[in-house]
Number of protein chains: 2
Amino acid sequence: MTGSAPNPFNKKILATAGPTPLPPRVSSVMAEPVLYHRDPAFAAVYKRVLDRLPTVFQSSNDVLLFPSSGSGALESAVMNLVQPGQKVLGIATGKFGERWLQILDAQGADTVKYEPGWGVRIDPGEIDRILTENPGCEVVFATLSETSTGIVHDVKGIAEVARRHGAMTVVDAVSGLGAAELRQDDWGIDVVVSGSQKALMTPPGIGLASVSEAALARAEAQPGGRYYFDWGRTVKAQRKSPPSSPFTAPVTLVSGLDVALEMIEEEGIENVFARHALLAKATRAGVAALGLELYGNPDEKSNVVTALELPADIDGGLVPKTLRDRFGITANGGQDELKGKILRIAHCGYFGAFDIITSISGLEMTLDSLGHKTDLGAGVGAAQRVFLDAGISVSQ
Amino acid sequence: MTGSAPNPFNKKILATAGPTPLPPRVSSVMAEPVLYHRDPAFAAVYKRVLDRLPTVFQSSNDVLLFPSSGSGALESAVMNLVQPGQKVLGIATGKFGERWLQILDAQGADTVKYEPGWGVRIDPGEIDRILTENPGCEVVFATLSETSTGIVHDVKGIAEVARRHGAMTVVDAVSGLGAAELRQDDWGIDVVVSGSQKALMTPPGIGLASVSEAALARAEAQPGGRYYFDWGRTVKAQRKSPPSSPFTAPVTLVSGLDVALEMIEEEGIENVFARHALLAKATRAGVAALGLELYGNPDEKSNVVTALELPADIDGGLVPKTLRDRFGITANGGQDELKGKILRIAHCGYFGAFDIITSISGLEMTLDSLGHKTDLGAGVGAAQRVFLDAGISVSQ
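Residues numbered from 1 in each chain as written. Chains lettered and ligands numbered in written order. Predicted model: local features only at pLDDT ≥ 70, side-chain atom pairs only at ≥ 80, totals over all residues.

> Could you clarify how one ought to interpret the overall build of chain A in this entry?
A tally of helices and strands in chain A yields 14 helices and 14 strands. Against the globule reference of 21 Å for 396 residues, chain A gives a C-alpha radius of gyration of 22 Å, in line with a compact fold. In terms of overall dimensions, chain A has a C-alpha envelope of 65 × 55 × 45 Å along the principal axes. By the burial criterion, 53% of the 396 residues in chain A qualify as buried. Looking at chain A alone, contacts between residues at least 24 apart form 72% of all its contacts between residues at least 6 apart. (Helix = DSSP H or I, 4+ residues; strand = E, 2+ residues; numbered from the N terminus. Rg over C-alpha atoms; globule rule 2.2 N^0.38 Å. Buried ≥ 20, exposed ≤ 12 C-beta atoms within 10 Å, placed from the backbone. Contact = placed C-beta atoms within 7 Å.)

> Help me understand the interface of chain A and chain B in this model?
Buried accessible area, meaning the area lost when the parts come together, often serves as the stated size of an interface. Every contact between the two is made by 44 residues of chain A and, on the other side, 44 residues of chain B. Contributing elements (two or more residues each) for the side of chain A that touches chain B: α1 (24-30), α3 (70-81), α4 (95-107) and α10 (251-267) of chain A. Residues that form the side of chain A that touches chain B fall into these classes: 21 nonpolar, 19 polar and 4 charged. (Nonpolar A, V, L, I, M, F, W, Y, C, P; charged D, E, K, R; others polar.)

> Can you walk me through the packing of α3 of chain A against α4 of chain A in this structure?
When two helices pack together, their arrangement is given by the angle between the helix axes and by the axis-to-axis distance. Residues and elements named next belong to chain A. Remark: α3 packs on α4, axes separated minimally by 10 Å, with the N-to-C direction vectors making an angle of 45°. The angle between the axes of α3 and α4 places the two elements in the oblique class. Note on packing geometry: the crossing formed by α3 with α4 is right-handed. Every residue of α4 that contacts α3 at S71, L74, E75, V78 and M79 is listed here: R99, W100, I103, L104 and Q107. (Axes fitted to C-alpha atoms, helices over the stretch in contact; angles between N-to-C directions. Parallel < 35°, antiparallel > 145°, perpendicular 65-115°, else oblique. Left-handed = near helix turned anticlockwise from the far one by under 90°.)

> Where do I start with the relation of the copies chain A and chain B in this structure?
One copy of the chain maps onto the second through a rotation around an axis plus a translation along that axis. Least-squares fitting of chain A to chain B yields an RMSD of 0.0 Å, with the transformation described by 0.0 Å of translation along the axis and a rotation of 180°. In symmetry terms, the pair is related by a two-fold rotation axis. Within chain A, the C-alpha atom positioned nearest to the axis of rotation is that of S68 of chain A, 2.3 Å from it. (Least-squares fit on C-alpha atoms with pLDDT ≥ 70 in both.)

> Just checking my understanding: could you explain the domain arrangement of chain A for this structure?
All names here are of chain A. What the domain assignment reports for chain A is domain 1 (25-266) and domain 2 (268-389). For domain 1 versus domain 2, the separation of C-alpha centres amounts to 28 Å. Across the contact, 23 residues belong to domain 1 and 22 residues belong to domain 2. Here the side of domain 1 that touches domain 2 is built from residues that sort into 9 nonpolar, 10 polar and 4 charged. (Domains from an automatic or database assignment.)

> Where do I start with the confidence of the model for chain A in this structure?
Interpreting fine coordinate detail is not advised for predicted regions of low pLDDT. Across chain A, the average pLDDT comes to 95, with 98% of residues at 70 or higher. For this predicted complex, the interface confidence score (ipTM) comes to 0.90, while the overall pTM stands at 0.94. (pLDDT = per-residue confidence, 0-100.)

> Which parts of the structure should I look at to understand the pairing of strand β14 (residues 342-346) of chain B?
Remark: a regular strand shows side chains that alternate across the two faces of the sheet. All names here are of chain B. When you tally the buried positions in β14, you get 5 out of 5 residues, the bulk of the element. Along β14, one buried face is formed by I342, R344 and A346 and the opposite face, lined by L343 and I345, is buried too. By the bridge criterion, 5 bridges tie strand β11 (residues 305-309) to β14 in an arrangement that is antiparallel. Counterpart to A307 in the pairing with β14 is R344. Relative to β14, strand β13 (residues 332-333) is paired through 2 bridges, and the arrangement is antiparallel. Bridging across to β14, G333 finds its partner in L343. (Pairing = 2+ DSSP bridges.)

> So what exactly am I meant to see when it comes to the sheet that holds strand β3 (residues 87-91) of chain B here?
Sheet strands pair by backbone hydrogen bonding; their relative direction is either parallel or antiparallel. All names here are of chain B. Spatially, the 7 strands line up as an open sheet ordered β2-β10-β9-β8-β5-β3-β4, and their pairing is mixed. Two strands lie at the open edges of the sheet, namely β2 (62-67) and β4 (110-114), each paired on one side alone. Ignoring which end each strand starts from, the neighbouring axes of this sheet average 20° apart. One ladder, built from 5 bridges, connects strand β9 (residues 191-195) with strand β10 (residues 206-211); its direction is antiparallel. Looking at the pairing, V193 lines up with A209 of β10. This element, helix α2 (residues 40-57), spans β2, β9 and β10 of the sheet and lies at about 110° to β2. Along the sheet, helix α6 (residues 155-164) contacts β5 (139-143) and β8 (168-172); its crossing angle with β8, the most-contacted strand, is approximately 160°.

> Where do I start with the sheet that holds strand β8 (residues 168-172) of chain A in this structure?
Residues and elements named next belong to chain A. Pairing is mixed across the open sheet formed by 7 strands, whose spatial order is β2-β10-β9-β8-β5-β3-β4. Two strands bound the open sheet, and with one partner strand each, they are β2 (62-67) and β4 (110-114). Between one strand and the next, the sheet's axes are offset by a mean angle of 20°, whatever the strand orientation. Relative to β4, strand β3 (residues 87-91) runs parallel, the two being bridged by 5 bridges. From the neighbouring strand, I91 faces β4, where its bridge partner is Y114. Packed on one face of the sheet, helix α2 (residues 40-57) meets β2, β9 (191-195) and β10 (206-211) and runs near 110° to β2. α4 contacts β3, β4, β5 (139-143) and β8 of the sheet and is inclined by roughly 155° relative to β3.

> Mind showing me how you'd approach the environment of L376 of chain A here?
Residue and element names in this part refer to chain A. Note that L376 resides in the loop between α13 (353-369) and α14 (378-389). Given 13 C-beta atoms within a 10 Å radius, L376 is considered partly exposed. With 13 residues separating them in the primary sequence, L376 and L363 have C-alpha atoms 9.7 Å apart. Here L376 is in contact with E364 and D368, once residues within four sequence places are set aside.

As structure tokens, then:
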């Protein structure tokens, strides 16, 4: 089809908090011929991936790899650690916390549900109170970065409280891992689950679970009711020499993850955290310069995704639609109860300074086109100032 | 590294029964920029895939798509249809049949296990006898193509017998679907499960389950104990307009599957079956011309993979190793109790005449190099004769 007018917006831009854009190196390696999953050449890739993963979790644990989405890794944690009728605490302040509660219900757990409302940041002191009032909770299920609201939770504090009450802590870090600071071993978190498609810069289809020895022992003592997601089966295969997978591994995705982890290694995990913090800081500066409010407590500074409240003088539901259909940018609006109320600007994974400039520029043009008085360039300028003040250059 | 001698074998050739080689069109589409899984552009791809899948199953069922390996789809069938303590029949004549038994054990089913030995082809009359002697089996678990032995089973006959006894039939068609004839609705099979990485010409990472209304109703009447693989959750999302996935879909793999299914549509499913039959016939002719025996009953003609008995005068364990390390061809030897005894030549998925010629040529050179007296070219010549006699040409 030949267009009837020049269209400078037909170049599609992915700016969601997952799936995230792929580095060209990752796309390239996945286009190479498929390897047989039991071939020594693939075993070498698999070994590198398993060797590289613990750094991202800041842990010395076995990191178990499942052919699944992140939700599959969540389910693995529930099925391996909780038998029907066992008492646990489930924390939800958004869509993904609620997923924990749904999986726990499906498993028949006796779940104490703490749901203080969407957008609330969990106070570990409250968890202390709840665990005191509800003695006997054996496992606490929490979320690092609640993608639906942009809030990053104090999982370090939650894990400390849980440990004092004799409970294990399981953290959903699907959207946070590699973007928000997370130090699993230092912070004493028993299980961290994640997925390939966010800060790990790989397409969706790999679920991950970094599992402590204590958690593995608890799972082993409670067999039955699971096969595909059984931790014991996967850890046994991964500890072989060379390591293998109990089922056919998603070989192209694993090859992509290998390259993505190599890139994280080259950048250095601390630099990865710092880059995400800088991207987020610039985003917040841009949002503020446009006179918009951050969603949630302004002290809660997420490095994964920045959620902002949309102005009341426009139809908020039109913002993501206009960004996508007029300007070619796919970004996330609000989900469920936040539909039409917020916009979420992602900066998690393969994002650089000009991706932030692009997103803020798209936001400015969208607000203007929807009739909200907008000082075009003001948000972009504020973000530029943050990047300039950081004093970083390519050749550094 | 610069080689010290010319190496005509450094071009790697994948000749396994899964993962199988990818068509260039499939590789290309997966290297395009990632789509957001809730984007209308991806929803269109997802809808096309869901619309195209039933033809491959020869069914009008909903085909449920899971981000998982084929084993995940197997687990979904057990978890949705069988509650702990329910009586079922599990049939195993190889490694993948045994996987059914292991999953059923994990789920706590009361399983009647029929294991007449590896390589045996199931006689539906025997299933009739077993279901008579063991009344009350509610579900029968069978395998279409047992990859470990190359045997394709009479699942049509098994389903007929099961229906007479009031039991549902579930068929593992992970390696058979799209290669061996399977007509789910005509044959009255309630559930067929499969995966993306064999005749569907896509990398591993997608599990599929084609599920009858009766099977969906049975699952719905028995909730609990599952979340990720719950059929009700997935069917509900897939029946929305546009269809969606309850979890993040493996978007690159789904885009690849879309193109692979388009290729199957273009070729025509009956032609796909016929092509596999011809490739298999040529392979068997090549094997016979080399004086080698097919593994199992010679009347059992598999169109998925040809298993042959290795000659007794060489170390059979060296055959796959030599094929791979000297000649660059990755093919499957025997697994578990068949280790060192058989070689499996795959012809399932994106395979053409010269892939068969290559595999047989590699086999001839391997046998010769290991000291087995081999008439070089004899197997190739016999396969060529089959292809020529079929009278087919590109321009046809």
